[in-house]
Amino acid sequence: MTEKILSEKNLVVRHSLLELIEHWAIAISGLLLLFTGIFELPVAKRYYIITVPGLGWSADFITSLYIHYAAALVFTAVGIFHLAYHGFRGEKGMIPQTGDLAASVKVMKSLFGFGQEPPMHKYLPEQRWAYVGMAFIILMLIISGLIKTYKNIYAPDMSLAIVLTATWIHNIFFVLFFLAFLAHMAAIALRPNWPMVRGIFTGKVRLDYARHRHALWIADIKKRKTSNH
Amino acid sequence: MESPKISKISRRSFLQITAGVAALTGMSLPTTVQAGSDTLSTLIDLSLCDGCVDRETPACISSCRGINKHKIPKVVDSIPEPWPRKTIEDWSKKQGVTNRLTPYNFIYVHKAEIETAGRQQTIFIPRRCMHCDNPACATICPFSANHKNENGAVVINPKQCFGGAKCKDVCPWEIPQRQSGVGIYLHVLPGFMGNGVMYKCDLCNNRLAEGKLPGCVEACPRKAMIIGPKKAIEAEAQTRARQMKGYIYGKKENGGTSTLYVSPVSFELINKTMTKKPGQPDMKPDVKRRMVGTDPLGKTVLSAPVLGLAAAGALGWFSRRKKQVKTEEKDND
Ligand code: SF4
Ligand code: SF4
């Protein structure tokens, strides 16, 4: 287990290197996909995006497609890896649990100064919901994207019903992906969540913060440590 | 959303066309048609086309215009001004133009005066959509409003097209033409998204479904155009090219198309008589299908799920192994 309390440094290890790599691979390729996806719409010329220094290529749909494919390669491989690897290992920390809905409401309220936050696990209840939502969006983008890619290369004349379905799933989930990304950024902007931000860069968060906010998680780590010995 | 009828050419009409080809050309075509070979191709024989110089308008153009004259609905009185770039393309008051491609004119005839071996020659070249084998105009349409049908016809659905003209940008001949002020974009965000509907030749897809020939093919008094199964048309093009010691255009261009021009004069020379202008494509030999460069990368994308699974398997095995070794060590302690 990577999770470890480093008392003398007042830190807890929250994410393994592997998890950091997964997160940032999805984040960076996802952003590239988002932008090149937008450039696959005829907007770059119309909205003068081509006049922005460094974005002269944005109106060339084929150039965007190269980048879109390159990013999709990372996005798809890492997305599937994530599902398979953590799934096989039976890691359930980010899967919503019973009572998460009620707990989310409590946390939300407390963020706006109403009432006390309940003691929490490693992930907040709403974080778990957000995770499942994002995972679903990503999966739909991957599946529809693969169908579209197959059509581009091998079967331009494949069934119109399939092409239309894949296209509209891709378009609708592209919008949802963008909204989910904005929500993700909004969550980071909330002050109580700030101490968690360093975790996704360095893998570690402050121990005093974790003790205070993620009491159940710290208790878990301690329990595991004693049972291991 | 009404999905367009996919024209899967019926066997009956298919054989009719095949027979039509045979009758028109006097050639014998295979009587049995192999499964999966129902993709159609057209052949345009430039040694036969005389540009219909004795008519006011070439027969292929007149026929095409007659068939498609009601295709574009009435254009709104005040076409919304697109923002921020204010390009509006309105051909509704110039519907009579026949010397280029417009949303109201899907075929035109280019006249080429060529001097070969000290001899002056006039060649007429009917131009329209080539119905490419892997058309970027269709595969890259953000709404899949443009699609290649199984019979080979590349068809834009005017009910789903937003008129962003992306198809025109990626077509090496910039075939599709825009009419602003019509189409679905008017009902969404007319000022900000879309700009009309793109129009081009659809190989008379509806007529094919009824077992009829495309208008231009049927109307040509010189039988300069024929349509039939792709394989047979390709063979016929080869034969004619050999007989006239001529040249073929459309076999390799843009990754292969379903329109083969056969000409006694090289397309190099023909192309020299053409200056690419809006609605008047040139005929550059060997013009590349630009998406071909993206195919290898696309293929690796298709293999990405397997890559992900393999990595997960390998890493899972590795970490289990590590754990095992650790417990064994502990047990030995
Ligand atoms: S000629 Fe242009 S418009 Fe016609 S199918 Fe080919 S790419 Fe599309
Ligand atoms: S293809 Fe036939 S109809 Fe068209 S201009 Fe040539 S001769 Fe006339």
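Located above this text is the structure these notes cover.
Residues numbered from 1 in each chain as written. Chains lettered and ligands numbered in written order. Predicted model: local features only at pLDDT ≥ 70, side-chain atom pairs only at ≥ 80, totals over all residues. Heavy atoms only, no water.

Trainee: Explanation requested: the overall build of chain A in the structure shown.
Mentor: In terms of regular secondary structure, chain A is built from eight helices and three strands. N-terminal to C-terminal, the α/β element order of chain A is β-β-α-α-α-α-α-α-β-α-α. Counting only C-alpha atoms and orienting by the principal axes, one finds that chain A spans roughly 60 × 40 × 35 Å. Counting across all 229 residues of chain A, residues that qualify as buried make up 42%. Of the contacts formed within chain A by residues at least 6 apart in sequence, a portion of 67% connects residues at least 24 apart. (Helix = DSSP H or I, 4+ residues; strand = E, 2+ residues; numbered from the N terminus. Buried < 20%, exposed > 50% of the residue type's maximum accessible area, 1.4 Å probe, protein only. Contact = heavy atoms within 4.5 Å.)

Trainee: Just to check I follow, could you spell out the site of ligand 2 for this structure?
Mentor: Around ligand 2 there are 13 residues in total, and B:C49, B:C52, B:P58, B:C60 and B:C220 lie nearest to it. Looking at the shell around ligand 2 residue by residue, the classes come out as 10 nonpolar, one polar and two charged. (Near = heavy atom within 4 Å. Nonpolar A, V, L, I, M, F, W, Y, C, P; charged D, E, K, R; others polar.)

Trainee: What exactly am I supposed to notice about the pattern of salt bridges here?
Mentor: Tallied over the full model, the rule gives 23 salt bridges over all chains. Linking A:E3 and A:R224 is a salt bridge whose minimum nitrogen-to-oxygen distance equals 3.4 Å. Taken together, the residues span a long stretch of sequence, with A:E3 in the segment before β1 (4-6) and A:R224 in helix α8 (residues 215-228) at a distance of 221 residues. Using a relative accessible area of 28% as the deciding quantity, one classes A:R224 as partly exposed. With a closest N to O distance of 3.0 Å, B:K71 and B:D202 form a salt bridge. Taken together, the positions of B:K71 in the loop between α2 (59-68) and β2 (108-116) and B:D202 in the loop between β7 (197-199) and α5 (205-209) put the pair 131 residues apart, joining distant regions of the chain. The class for B:D202 is buried, based on a relative accessible area of 11%. Taken together, the shared-partner salt bridges connect A:E3, A:K122 and A:R224 into one network. (Salt bridge = Lys/Arg side-chain N within 4 Å of Asp/Glu carboxyl O.)

Trainee: Just checking my understanding: could you explain the state of the cysteines for this structure?
Mentor: One covalent bond between the sulfur atoms of two cysteine residues makes up a disulfide. Residue and element names in this part refer to chain B. Within the structure shown, the criterion is met by zero disulfides over all chains. As a non-bridged cysteine, C167 has C161 as the owner of its nearest cysteine sulfur, 6.1 Å distant. Since its relative accessible area comes to 10%, C167 is described here as buried. Of all cysteine sulfurs, the one in C129 lies closest to C201, which takes part in no disulfide; the gap is 5.6 Å. (Disulfide = S-S within 2.5 Å.)

Trainee: Help me out: how do you make sense of the environment of A:A103 in this one?
Mentor: When you line up the elements, A:A103 lands in helix α3 (residues 100-111). Along the sequence, A:A103 and A:I28 sit 75 residues apart, while their C-alpha atoms lie 31 Å from each other.

Trainee: Looking at this model, I keep getting lost on the nonpolar core. Mind explaining?
Mentor: Note on soluble globular proteins: their nonpolar side chains tend to be buried together. Counting residues in each nonpolar core, the largest one holds 80 residues, and the members touching the most others are B:I125, B:Y261 and B:I270. Among the elements that line this core, the one with the most residues is helix α2 (residues 61-88) of chain A, at seven residues. Ignoring any residue separated from it by four or fewer positions in sequence, one finds B:I270 in contact with B:L46, B:I114, B:I123, B:I125, B:S263, B:V265 and B:M283. Residues A:M120, A:Y209, A:A210 and A:W217 belong to the second largest nonpolar core, which totals 12 residues. (Core = buried A, V, L, I, M, F, W, Y, C linked by side-chain atoms within 4.5 Å.)

Trainee: Could you clarify how one ought to interpret helix α9 (residues 295-332) of chain B in this entry?
Mentor: Every α-helical turn comprises 3.6 residues, leaving residues that sit three or four positions apart pointing alike. The end-to-end C-alpha separation of α9(B) is 55 Å, in line with the 56 Å expected for 38 residues at 1.5 Å each. Among the residues of α9(B), those classed as buried are B:D295, B:G298, B:V301, B:A304, B:P305, B:G308, B:A312 and B:G316. Each element contacted by the buried residues of α9(B) is listed here: α2 and α4 (125-153) of chain A. (Expected span 1.5 Å × (residues − 1).)

Trainee: I would appreciate a short explanation of the sheet that holds strand β10 (residues 259-263) of chain B in the present structure.
Mentor: Each strand in a sheet pairs with its neighbour through backbone hydrogen bonds, running either in the same direction (parallel) or in the opposite one (antiparallel). All names here are of chain B. Spatial ordering of the open sheet is given by β8-β1-β10-β9, a layout of four strands whose pairing is mixed. At either margin of the open sheet sits one strand with a lone partner, and together these are β8 (225-229) and β9 (247-249). Neighbour-to-neighbour, the strand axes of this sheet turn through a mean angle of 25°, independent of strand direction. Here strand β1 (residues 40-45) runs beside β10; their pairing, made up of four bridges, is parallel. By the bridge assignment, L43 is partnered in β10 with L260. This element, helix α7 (residues 230-243), spans β1, β8, β9 and β10 of the sheet and lies at about 135° to β8. (Pairing = 2+ DSSP bridges. Axes fitted to C-alpha atoms, helices over the stretch in contact; angles between N-to-C directions.)

Trainee: Would you mind showing me how to read a positive patch on the surface here?
Mentor: There is a patch of like positive charges on the surface, built from A:K4, B:K322, B:K326 and B:K330. Tallying contributions element by element places α9(B) first for the positive patch, with three residues. Position of A:K4 among the secondary structure elements: in strand β1. (Patch = residues over 30% accessible without salt bridge, like charges linked within 9 Å, V, L, I, M, F, W, Y side chains within 5 Å. Areas by Shrake-Rupley, 256 points an atom, 1.4 Å probe, with all protein chains shown as cover. Lys, Arg positive; Asp, Glu negative; His and termini not counted. Charge placed at Lys NZ, Arg CZ, Asp CG, Glu CD.)

Trainee: Sorry, what's going on with the interface of chain B and chain A here?
Mentor: Accessible area lost upon the coming together of the parts serves often as the stated size of an interface. Taken together, the 51 residues of chain B in the interface contact 44 residues of chain A. For the pairing of chain B and chain A, the buried interface totals around 4300 Å² over both sides, and the portion due to carbon and sulfur atoms is 68%. Counting every contact that joins chain B to chain A gives three salt bridges. At the boundary of chain B and chain A, one finds 16 residue pairs in polar contact (both at pLDDT 80 or more). Those elements giving two or more residues to the side of chain B that touches chain A turn out to be β4 (146-148), α4 (166-170) and α9 of chain B. Looking at the side of chain B that touches chain A element by element, the count peaks at 18 residues for α9(B). (Buried area = accessible area lost by both parts, 1.4 Å probe. Polar contact = N/O pair within 3.5 Å; in protein donor to acceptor, adjacent residues only side chain to side chain.)

Trainee: Is there a simple way to think about the site of ligand 1 in this case?
Mentor: Surrounding ligand 1, one finds 13 residues, the nearest of these being B:C129, B:M130, B:C132, B:C137 and B:C171. Taken together, the residues of the shell around ligand 1 break down into 10 nonpolar, two polar and one charged.

Trainee: I would appreciate a short explanation of the packing of aromatic side chains in the present structure.
Mentor: The way to describe two aromatic rings as a pair is by their centre distance and the angle between their planes. Scanning the model with the defined rule gives 13 aromatic pairs over all chains in all. Residues B:F143 and B:F162 carry aromatic rings whose centres are separated by 4.7 Å and whose planes lie at 35° to one another, so their mutual orientation is tilted. Within this pair, whereas B:F143 is found in the loop between α3 (136-139) and β4, its partner B:F162 is found in the loop between β5 (154-156) and α4, the two being separated by 19 residues in sequence. We note that B:F143, like B:F162, is buried. Chaining the aromatic ring pairs together yields one cluster made of B:W173, B:Y249, B:Y261 and B:F267. Over the ring of A:W217 we find A:R14; its NZ or CZ atom is 5.5 Å from the centre of that ring. In this structure, B:K94 packs its charged tip against the face of B:W91, placed 4.3 Å from the ring centre. (Phe/Tyr/Trp six-rings, centres within 6.5 Å; stacked < 30°, edge-to-face > 60°. Lys NZ or Arg CZ within 6 Å of the ring centre and 35° of its normal.)

Trainee: Where do I start with the sheet that holds strand β3 (residues 204-206) of chain A in this structure?
Mentor: All names here are of chain A. The three strands are arranged β1-β2-β3 in an open sheet whose pairing can be described as antiparallel. Looking at which strands have only one partner, the edges of the open sheet turn out to be β1 and β3. The sheet shows a mean angle of 25° between the axes of neighbouring strands, direction not considered. Relative to β3, strand β2 (residues 11-13) runs antiparallel, the two sharing three bridges. Bridging from a neighbouring strand, V13 pairs with K204 of β3.

The quantities given are spatial measurements derived from coordinates; they are silent on function.
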